[in-house]
Amino acid sequence: MRIEIDSNSGYCFGVEFAIQMAEDELLDGEVLYCLGDIVHNDMEVKRLTDQGLVVISREELPDLKNSRVLIRAHGEPPETYKLAMENNLELIDASCPVVLKLQNRVKHAFDKIQDQKGQIVIYGKQGHAEVIGLTGQTKQEAIVVMEDQDLDKIDYTRPITLFSQTTKSTKGFYRIKELIQQRIAEAKENQNEVEFKANDSICRQVSNREPQLKQFSTLHDVIIFVSGKKSSNGKALYSVCKEQNVRSYFIENEQDLDLSWFNPEDSVGICGATSTPMWLMRQVADFIEFNHTQLVS
Ligand code: SF4
């Protein structure tokens, strides 16, 4: 059996930076709170909580005072910064620069579109931390869409500016863009042209991986995709693998592996999301390597 770990998989620079920041801050032994899971990967969260990181929810934040709180790569809405000032919280801000730039673009577009009663639409997952940070730039007025039925929330007679959560799939974004265009055309009869601006704000750390993974998936008989179940880009990137190779399997860690997926002569590719640590993919590779002898015997 041949096993290869995809060298393009593993942390994006945003996640890498946030984890490094957490590790550095934890060195002094003082309590460090983190607002939400630092990364959508339970194994990595456990590794850091074992070092002293304390994960708290958004609901718990208002009760916290005089403490250090890490902001993860997904970014936060303005309310969090305001609350931190009020409660004397020291924010260790590991917001990804790509997300911060997008927050700025959304805020700028929202301010600009006010006079024409325009709408900001975000293609993303309602309640996802990054989406909360983005809608926070629009006084919660942005319309979040993911499924087709969410498109009913948009008024197609008023200007629309569309953005994407950074970790969504490119295919999904362009599909939503097309559906919005269709609905504008349907609503247009007897009306003036409606302004529609679509901004593909998917992070290139995610979209560039799609073609790379497509190719990687065709090079192996079996693909093992390692990711946390809560990871948005994990779901998007796994679907890219599955489309190319029907023998693609999604696992969180080696415990999810089923040896019946493999034949002794198979070539196995291991890959993952932007939130999948390289150590975990190696652990999975070692497990398969160690256990594949059972397939031969
Ligand atoms: S996927 Fe892109 S935007 Fe998201 S944390 Fe990574 S580098 Fe930043």
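Observations regarding the nonpolar core
Ranked by internal contacts, the top residues of the largest apolar core, which has 20 residues, are Val-15, Ile-19, Leu-32, Ile-38, Val-39, Leu-53 and Leu-70. For this core, the secondary-structure elements that each account for two or more residues are helix 1 (13-26), strand 2 (32-35) and helix 2 (42-49). Residues within four places of Leu-53 in sequence aside, it is in contact with Leu-26, Leu-32, Cys-34, Ile-38 and Leu-48. Ranked by size, the runner-up nonpolar core spans 19 residues in total, among them Leu-151, Leu-162, Leu-179 and Val-206.

Points about unusual backbone geometry
A positive phi angle, close to 50°, is found at Asn-66, a residue other than glycine. Asn-66 sits in the exposed class, given a relative accessible area of 59%. Unlike most non-glycine residues, Lys-117 shows phi in positive territory, near 55°. As for its position among the elements, Lys-117 is in the loop between helix 4 (97-113) and strand 6 (119-123).

Observations concerning the site of the ligand
Taken together, the neighbourhood of the ligand is formed by Cys-12, Phe-13, Gly-14, Ala-73, Cys-96, Val-98, Val-99, Thr-166, Cys-203, Gln-205 and Val-206. The site holding the ligand turns out to be the largest cavity. Of all the secondary structure elements, the ones that give two or more residues to the shell around the ligand are helix 1, helix 4 and helix 7 (204-207).

What to know about the layout of surface pockets
When its volume is computed, the largest pocket comes out at roughly 260 Å³. Taken together, 14 residues line the largest pocket, and the ones lying closest to its centre are His-40, Arg-72, Gly-127, His-128 and Ala-129. Going through the elements one at a time, helix 5 (129-135) and helix 9 (232-244) are the ones with two or more residues in the lining of the largest pocket. The residue makeup of the lining of the largest pocket, split by class, is two nonpolar, six polar and six charged. As a volume, the second largest pocket reaches approximately 200 Å³. What lines the second largest pocket is simply Arg-105, His-108, Ala-109, Lys-112, Ile-113, Gln-116, Pro-159, Thr-161, Phe-163, Glu-195, Lys-197 and Asn-199. Those elements that place two or more of their residues in the lining of the second largest pocket are helix 4 and strand 8 (160-164).

With respect to the environment of Phe-290
As for its position among the elements, Phe-290 is in helix 10 (residues 278-291). Judged by relative accessible area, Phe-290 falls into the exposed class, the value being 67%. Phe-290 sits 38 residues away from Glu-252 along the chain, and the two C-alpha atoms are 18 Å apart.

A closer look at helix 4
With 17 residues, helix 4 should cover 24 Å at 1.5 Å per step; its first-to-last C-alpha distance of 24 Å lies within 8% of that length. On its buried face, helix 4 sits against strand 6, helix 5 and strand 8.

Observations regarding the environment of Tyr-33
With respect to the helices and strands, the residue Tyr-33 is situated in strand 2. C-alpha of Tyr-33 to C-alpha of Leu-61: the two residues are 28 residues apart in sequence and 9.6 Å apart in space. In this structure, Tyr-33 is in contact with Val-54, Ile-56, Leu-64, Ser-67, Arg-68, Val-69 and Leu-70, ignoring residues within four places of it in sequence.

Some details on the domain arrangement of the protein
Domain boundaries in the protein define domain 1 (2-9 + 206-296), domain 2 (13-96) and domain 3 (98-165 + 168-201). The C-alpha-based centres of domain 1 and domain 3 are spaced at 34 Å. With six residues of domain 1 in contact, the opposing surface of domain 3 contributes six residues. Roughly 440 Å² is buried in total at the junction of domain 1 and domain 3, and carbon and sulfur atoms are behind 38% of that figure. At the surface where domain 1 touches domain 3, the tally comes to one salt bridge. Residues Glu-243 and Lys-171 are paired through a salt bridge, measuring 3.2 Å at the closest nitrogen-oxygen approach.

A few points about the side chain of Thr-80
Checked against the element boundaries, Thr-80 lands in helix 3 (residues 78-86). For Thr-80, a relative accessible area of 6% corresponds to the buried category. One polar contact links Thr-80 to Glu-76, side chain to side chain, over a distance of 2.7 Å. Contact partners of Thr-80, with chain neighbours within four places excluded, come to Leu-35, Arg-58, Leu-61 and Ile-71.

Here's the deal with the packing of aromatic side chains
Counted under the stated rule, the structure contains seven aromatic pairs. Considering the side-chain rings of Tyr-123 and Phe-173, the 6.4 Å spacing of their centres and the 50° angle between planes classify their relative orientation as tilted. Of this pair, Tyr-123 sits in strand 6 while Phe-173 sits in helix 6 (residues 170-187), and the two are 50 residues apart along the sequence. For the pair Tyr-123 and Phe-173, one class covers both residues: buried.

Criteria and cut-off values
- Residues numbered from 1 in each chain as written.
- Predicted model: local features only at pLDDT ≥ 70, side-chain atom pairs only at ≥ 80, totals over all residues.
- Heavy atoms only, no water.
- Core = buried A, V, L, I, M, F, W, Y, C linked by side-chain atoms within 4.5 Å.
- Buried < 20%, exposed > 50% of the residue type's maximum accessible area, 1.4 Å probe, protein only.
- Helix = DSSP H or I, 4+ residues; strand = E, 2+ residues; numbered from the N terminus.
- Contact = heavy atoms within 4.5 Å.
- Near = heavy atom within 4 Å.
- 1 Å grid on protein atoms, 1.4 Å probe; cavity = no way out; pocket = protein on both sides within 12 Å on 5 of 7 lines; lining within 4 Å.
- Sits in = over half its atoms within 2 Å of the grid points.
- Points joined across faces, edges and corners; volume = space filled by probe spheres on them.
- Nonpolar A, V, L, I, M, F, W, Y, C, P; charged D, E, K, R; others polar.
- Expected span 1.5 Å × (residues − 1).
- Domains from an automatic or database assignment.
- Buried area = accessible area lost by both parts, 1.4 Å probe.
- Salt bridge = Lys/Arg side-chain N within 4 Å of Asp/Glu carboxyl O.
- Polar contact = N/O pair within 3.5 Å; in protein donor to acceptor, adjacent residues only side chain to side chain.
- Phe/Tyr/Trp six-rings, centres within 6.5 Å; stacked < 30°, edge-to-face > 60°.

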